[in-house]
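Residue-level structural notes
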Amino acid sequence: MSSSTTDDKEAAGPRHPATRVLMLGCGSMGGALLEQWQHIDDFEFTVVSPSGLRHFPDSVQQARSPKDLSGQQFDIIVIGVKPQMIAEVLPGYINFLAPQGLYLSLAAGFSCTSLVALTGNPCVARVMPNLPVVLGKGVSGLYASEGLEQQHRVFIDRLMAATGYTLWVPSEDALDRVTAVAGSGPGYAFEFARAWAEAAEGLGFSRSQSRVLVLKTLQGAMEMALHSDSTLDGLRDRVTSKNGTTHAGLRALNKDEQLDNLLIATLQSAYSRSVELR
Ligand SMILES: NC(=O)c1ccc[n+]([C@@H]2O[C@H](COP(=O)([O-])OP(=O)(O)OC[C@H]3O[C@@H](n4cnc5c(N)ncnc54)[C@H](OP(=O)(O)O)[C@@H]3O)[C@@H](O)[C@H]2O)c1
């Protein structure tokens, strides 16, 4: 076990001050991100939770309203309230953002242009995460307004890298497309797994056996795909012998390209809804 002395620390040079993050709203999505964020070195988190009902890690400061933050300044304000509350709630917190500070919004369908207009600050970015961020296995689209500086991107990359895979996109329209593919994706995956598990029950397995058979099969297959250089068609063909059982199952699954068309319609519907919410 090693121990460090004051001399060791001084020799290592002065520590940078921690990056202070205010999470304005920390419910389902904010809380999922915080699960991973709380472990990042050199970041300090304060959450605003008006109800005071939620439990947050001990390292996290809590506030219920702007009154509790008096005299404080934050480097980043994460906007984690519902989109329809932003215009009402955010103006009360603008004075707590430090000069050169950044707004990072989680809100679906609330544009950077609207955020810049509301705050008068050009340093605005949006992140569109999905819920597996809670395990560090999320997929998030990131978009930066033109006013964002390199140092802000570094902060965002450090935060979001802790939560899984990230993809910077060049437009808010592309962010809506990421939402259709990945933001809503866990919902499609759960629904597909549910239908598959119900079909397994139809073959005589119990509900719990069906759930495990399906989820473990999905997990194994997806991990194999992620670790493989093969195309997805190639992987499929590797497990499909001509006239075998998988061949028979796949013929039913994508008869007349119904599965292909269903997924095209699924993503188009989700994307259209994102566009409506802008
Ligand atoms: N959930 C998802 O899968 C998902 C995915 C992508 C993006 N998002 C975005 O994430 C944002 C939050 O969604 P969510 O699902 O996390 O919602 P949520 O669970 O309802 O959380 C909303 C949070 O807002 C807080 N809040 C309410 N009124 C407030 C006020 N006046 N001042 C400060 N905080 C206030 C609530 O605090 P209390 O707990 O104290 O009531 C709660 O923590 C939304 O903009 C949504 O579009 C969510």
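Since the structure is predicted, the reported quantities are computational estimates derived from the model, not experimental observations.

Describing the overall build of the protein
Looking only at helices and strands, one finds 11 helices and eight strands in the protein. Across the 278 residues that make up the protein, the buried fraction comes to 34%. Roughly 17000 Å² of accessible area belongs to the protein as shown, and the carbon and sulfur atoms make up 55% of that amount. Of the side chains in the protein, 23 bear a positive and 28 a negative charge, and the two mean positions are spaced by 7 Å.

Here we look at the domain arrangement of the protein
The domains assigned to the protein are domain 1 (6-172) and domain 2 (185-277). The distance between the C-alpha centroids of domain 1 and domain 2 comes to 35 Å.

Brief notes about the packing of aromatic side chains
Summed over the entire model, instances satisfying the criterion amount to five aromatic pairs. Between phenylalanine 43 and phenylalanine 155 the ring centres are 6.2 Å apart and the planes differ by 80°, which places this aromatic pair in the edge-to-face class. Here phenylalanine 43 is found in strand 2 (residues 43-48), whereas its partner phenylalanine 155 is found in helix 5 (residues 150-161), with 112 residues between them in sequence. For phenylalanine 43, a relative accessible area of 9% translates into the label buried. For the pair phenylalanine 192 and tryptophan 196, a centre-to-centre distance of 5.7 Å together with 65° between the ring planes defines the contact as edge-to-face. Note that phenylalanine 192 and tryptophan 196 are positioned in helix 7 (residues 185-202) at a spacing of four residues, about one turn of the helix. The exposure class assigned to phenylalanine 192 is partly exposed, which follows from its relative accessible area of 41%.

Side note on helix 7
End to end, helix 7 covers 26 Å across 18 residues, agreeing with the expected 26 Å (1.5 Å per residue, within 8%). Residues Gly185, Pro186, Ala193, Ala197 and Ala200 constitute the buried set of helix 7. On an axial view of helix 7, the arc spanned by its buried residues comes to 95°, and they lie on one face. Against helix 6 (172-183) and helix 8 (207-226) lie the buried residues of helix 7. Two residues or fewer past helix 7, glycine 204 is found with a positive phi of approximately 105°.

Structural notes on the site of the ligand
Taken together, the neighbourhood of the ligand is formed by 22 residues, with Met29, Ser49, Ser51, Arg54 and Val81 sitting nearest. Residue cysteine 26 places a main-chain N or O atom 3.1 Å away from an oxygen atom belonging to the ligand. Here an oxygen atom of the ligand sits 2.8 Å away from a polar atom, N or O, in the main chain of serine 28. Burial of the ligand by the protein amounts to 77% of the accessible area it has alone, namely 910 Å².

Some thoughts on the state of the cysteines
If you walk through the whole model with that rule in mind, you get zero disulfides. Between cysteine 112, a cysteine without a disulfide, and cysteine 123, which holds the nearest cysteine sulfur, the sulfur-to-sulfur distance is 11 Å.

Digging into the sheet that holds strand 7 (residues 138-144)
Pairing in this open sheet of eight strands is mixed, and the strands run 3-2-1-4-5-6-7-8 from one edge to the other. The sheet is open, and its two borders are formed by strand 3 (61-63) and strand 8 (164-168), each paired with just one other strand. Neighbouring strand axes in the sheet, compared pairwise and without regard to direction, differ in orientation by 25° on average. In this sheet, strand 6 (residues 124-128) lies alongside strand 5 (residues 97-105) in parallel orientation, the contact comprising three bridges. Within the sheet, the bridge partner assigned to leucine 104 lies in strand 6 and is alanine 125. Packing of helix 4 (residues 112-119) onto the sheet brings it into contact with strand 4 (74-79), strand 5, strand 6 and strand 7, and relative to strand 6 it is tilted by some 140°.

Here we look at the pairing of strand 2
The element strand 2 is extensively covered by neighbouring structure, given that five of its six residues are classed as buried. What joins strand 1 (residues 19-24) to strand 2 is helix 2 (residues 28-37), and the crossover it makes is right-handed. In this structure, strand 2 lies alongside strand 3, joined through three bridges in parallel fashion. Looking at the pairing, valine 48 lines up with alanine 63 of strand 3.

Examining unusual backbone geometry
In this structure, aspartate 42 takes a positive phi of about 65° despite not being glycine. Structurally, the position occupied by aspartate 42 is in the loop between helix 2 and strand 2.

Details of the environment of arginine 126
If you trace the backbone, arginine 126 turns up in strand 6. Within the local environment of arginine 126, its side chain forms a polar contact with the side chain of glutamate 172, the two groups lying 2.7 Å apart.

Some points on the packing of helix 6 against helix 11 (residues 258-277)
The contact between helix 6 and helix 11 brings their axes to 8 Å, and the two run at 135°. Between helix 6 and helix 11, the angle is such that the two are oblique. Crossing of helix 6 against helix 11: the hand is right-handed. Side by side, helix 6 and helix 11 meet where Asp173, Asp176, Arg177, Thr179, Ala180 and Val181 of the first sit next to Leu267, Ala270, Tyr271, Ser274 and Val275 of the second. When grouped by side-chain class, the residues that make up the contact of helix 6 with helix 11 number six nonpolar, two polar and three charged.

What counts as what
- Residues numbered from 1 in each chain as written.
- Predicted model: local features only at pLDDT ≥ 70, side-chain atom pairs only at ≥ 80, totals over all residues.
- Heavy atoms only, no water.
- Helix = DSSP H or I, 4+ residues; strand = E, 2+ residues; numbered from the N terminus.
- Buried < 20%, exposed > 50% of the residue type's maximum accessible area, 1.4 Å probe, protein only.
- Areas by Shrake-Rupley, 256 points an atom, 1.4 Å probe, with all protein chains shown as cover.
- Lys, Arg positive; Asp, Glu negative; His and termini not counted.
- Charge placed at Lys NZ, Arg CZ, Asp CG, Glu CD.
- Domains from an automatic or database assignment.
- Phe/Tyr/Trp six-rings, centres within 6.5 Å; stacked < 30°, edge-to-face > 60°.
- Expected span 1.5 Å × (residues − 1).
- Arc of directions from axis to C-beta.
- Contact = heavy atoms within 4.5 Å.
- Near = heavy atom within 4 Å.
- Polar contact = N/O pair within 3.5 Å; in protein donor to acceptor, adjacent residues only side chain to side chain.
- Disulfide = S-S within 2.5 Å.
- Pairing = 2+ DSSP bridges.
- Axes fitted to C-alpha atoms, helices over the stretch in contact; angles between N-to-C directions.
- Right-handed = clockwise from strand over helix to strand, strands pointing away.
- Parallel < 35°, antiparallel > 145°, perpendicular 65-115°, else oblique.
- Left-handed = near helix turned anticlockwise from the far one by under 90°.
- Nonpolar A, V, L, I, M, F, W, Y, C, P; charged D, E, K, R; others polar.

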